[in-house]
Structure formats: C-alpha cells, structure tokens
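# Chains, contacts and geometry: an overview
For reference, the chains in residue letters:
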Amino acid sequence: MKILLFDIDGTLLNSGGAGYRAMTRAFKALFDIENGLKGVTLSGMTDAVIFKNACEANDVAFQNHKQAEFKKIYLEFLRVEMPKPNPEKFMCPGIDELLPVLADIPDIYLGLLTGNFTEGARIKLDDFGLNKFFEFGAFGDDNSDRNLLYNYAIERFTKKYGLIPHGSQVWIIGDTPRDIACAQPHNAWSVAVATGSFTTEDLAMENPHFLFNDLSDTKAFLQVLDHRA
Ligand SMILES: [Mg+2]
C-alpha cells in the first residue's frame, strides 16, 4: 500500500487570499481590530496557531473560548470568501491531472495532512471539486502542533481501511519546510513542491527526499512512489 498525505494551501491550491481575508474579518468581528493578521505567518501553520500568533501580535489575551468563536466566525466568512471569483485563486499546476490518475491506482490511498480546520479544508477543496479524492486526513483542529498531525492521519487511515502502514509506505506532499519536517520522525517520504510561498532553493535546504517545481509531470511524480527504503 502507498499512502499519500497532501497539504492543501500552496500544494493543491491557492485560495487567492480567501483564507487570509476570512481570518482578518473574523478577527475584526471578534476583537474590533483591523488587519489583525498583518505580519502573521500563515503558510505551514495550523489555523489554531495562526489565531494564537495573531492574538499575541495584537496584544489580546488568547483564550480557548475565543478560539472556538474565532473558528466559527472564520468558517462563516470562508464560505463567503472562497467562492468569490478571483484571478489569484487557482488549482496548482498538474493537480487536476495527477489526482484522478492516483485515485485510479488500487493500492494508493489519498489523504490530507493540513493545518486547516477540518471544515475550512473542506470549504477550500470544495471550491475546486477536490473533496472526492480525500476520504481521510488530519487537520488543524486535531492538534495545534502540526508535527503531531501525522499520527492522527494514520490512525484514521487504519480505522477506515483496517491496515497498519509503516512510515516507508507514506508520502507527505507539501510546499513548506514544516511539511518536510512532518515526515522525518516517522521515516515517511517527504515530497516538497515549490508552488507555495517557498522557492525550490528554500525547500532544497530542508533536504526533502523529493523536490518538484510543481506537480505538472505526472509520470515523474509516479516514479517517486516506486522508491523503496
Ligand atoms: Mg501549504
């Protein structure tokens, strides 16, 4: 079996700032602070950590119940922001060809490993019709520590399919150094792709097992899956 865990933002798609705008609007609704997300790193972070960092950046006290409220309001705004036509919103190169090919290979299982809240992930993917490819995954509301999300994804996989994979049967595909770091402690394969906010050179410094400018070469991607430890 081969388990592929995909990141969302910068890897499968670019929301054209919909996530950022929805978070900014939620932060304003909650604290009456404009541009609350300004200067806060989004890529590679879990949504919960983004909120926490925004609280710190704006000198407001982080509280769990505030985070729950933020999540609720953010998801409402994301449902509005995501479908808006926007020239900067796009599916990453090659994804529309790659996913159907992978989905047709019997021993390949496609999942998600993302810092997005579960519902946020589904809203973003739904805009591009991509939810059907991903039946399981780990999300930002499972744990705010992205490094711990791997175990959630594998536990869900095992529950769903009754199979227990070894790390060498898992590929983690993402656009940031944090995605690469996720794979390391589990001896999973890291596949870095420079379609997000990091360049190929940036990502190369993190020593991923495989590195692509983008995922438009389906054949080259399939070769990555033939690798053996
Ligand atoms: Mg990403």
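The structure we're discussing is the one just above.
Small disclaimer: the values here were computed from a predicted structure and weren't measured.

Turning our attention to the overall build of the chain. Across its full length, the chain holds nine helices and eight strands. In terms of overall dimensions, the chain is globule-like: its C-alpha atoms have a radius of gyration of 17 Å, near the 17 Å expected for 229 residues. Each principal axis of the C-alpha distribution contributes one length, and for the chain these read about 55 × 35 × 35 Å. Here the chain holds 229 residues, and the buried ones make up 51% of them. Considering only contacts in the chain between residues 6 or more positions apart, those separated by 24 or more positions represent 65%. A total accessible area of about 10,500 Å² is found for the chain, and carbon and sulfur atoms account for 50% of it. Positive and negative side-chain charges of the chain, numbering 22 and 31 respectively, have mean locations separated by a distance of 5 Å.

Mapping K89 onto the fold places it in strand β3 (residues 89–91). In this structure K89 comes out as buried when scored by relative accessible area, which is 16%. Separated by 2.8 Å, the side chain of K89 and the backbone oxygen of M82 make a polar contact. A polar contact is formed between the side chain of K89 and the backbone oxygen of K84, at a distance of 3.3 Å. Once residues lying within four places of it in the same chain are set aside, the contact partners of K89 are N14, S15, G16, M82, P83, K84, D127 and F128.

For the rest of this paragraph, the subject is the environment of R156. Within the secondary structure, R156 sits in helix α6 (residues 149–161). Each C-alpha atom, one on R156 and one on G111, is 9.6 Å from the other, the two residues being 45 residues apart in sequence. Setting aside anything within four residues of it in sequence, one finds R156 in contact with F136, G137, A138, F139 and D142. Engagement of the side chain of R156 in a polar contact is seen with the side chain of D142, the distance being 2.8 Å.

With that settled, consider the coordination of the magnesium ion. Those donors, D7 (OD), D9 (O) and D175 (OD), are the protein atoms that reach the magnesium ion, and they lie 2.1 to 2.2 Å from it. Spacing between the donor residues of the magnesium ion along the chain follows D-x1-D-x165-D. When its relative accessible area of 27% is taken as the criterion, D9 is described as partly exposed.

Strand order across the open sheet formed by six strands is β5-β4-β1-β6-β7-β8, with parallel pairing between neighbours. The sheet is open, and its two borders are formed by β5 (136–138) and β8 (210–212), each paired with just one other strand. Neighbour-to-neighbour, the strand axes of the sheet open up by a mean angle of 25°, direction not taken into account. Of the strand pairs in this sheet, strand β4 (residues 108–113) and β5 are connected by three bridges, and their pairing is parallel. Following the sheet pairing, G111 is matched in β5 by F136. Relative to β4, helix α4 (residues 95–103) is tilted by about 130°, and along the sheet it contacts β1 (2–6) and β4.

Here is what the cut-offs are and how they apply
Residues numbered from 1 in each chain as written. Predicted model: local features only at pLDDT ≥ 70, side-chain atom pairs only at ≥ 80, totals over all residues. Heavy atoms only, no water. Helix = DSSP H or I, 4+ residues; strand = E, 2+ residues; numbered from the N terminus. Rg over C-alpha atoms; globule rule 2.2 N^0.38 Å. Buried < 20%, exposed > 50% of the residue type's maximum accessible area, 1.4 Å probe, protein only. Contact = heavy atoms within 4.5 Å. Areas by Shrake-Rupley, 256 points an atom, 1.4 Å probe, with all protein chains shown as cover. Lys, Arg positive; Asp, Glu negative; His and termini not counted. Charge placed at Lys NZ, Arg CZ, Asp CG, Glu CD. Polar contact = N/O pair within 3.5 Å; in protein donor to acceptor, adjacent residues only side chain to side chain. Donors = N, O, S within 2.8 Å, 3.2 Å for Na, K, Ca; no water. Pairing = 2+ DSSP bridges. Axes fitted to C-alpha atoms, helices over the stretch in contact; angles between N-to-C directions.

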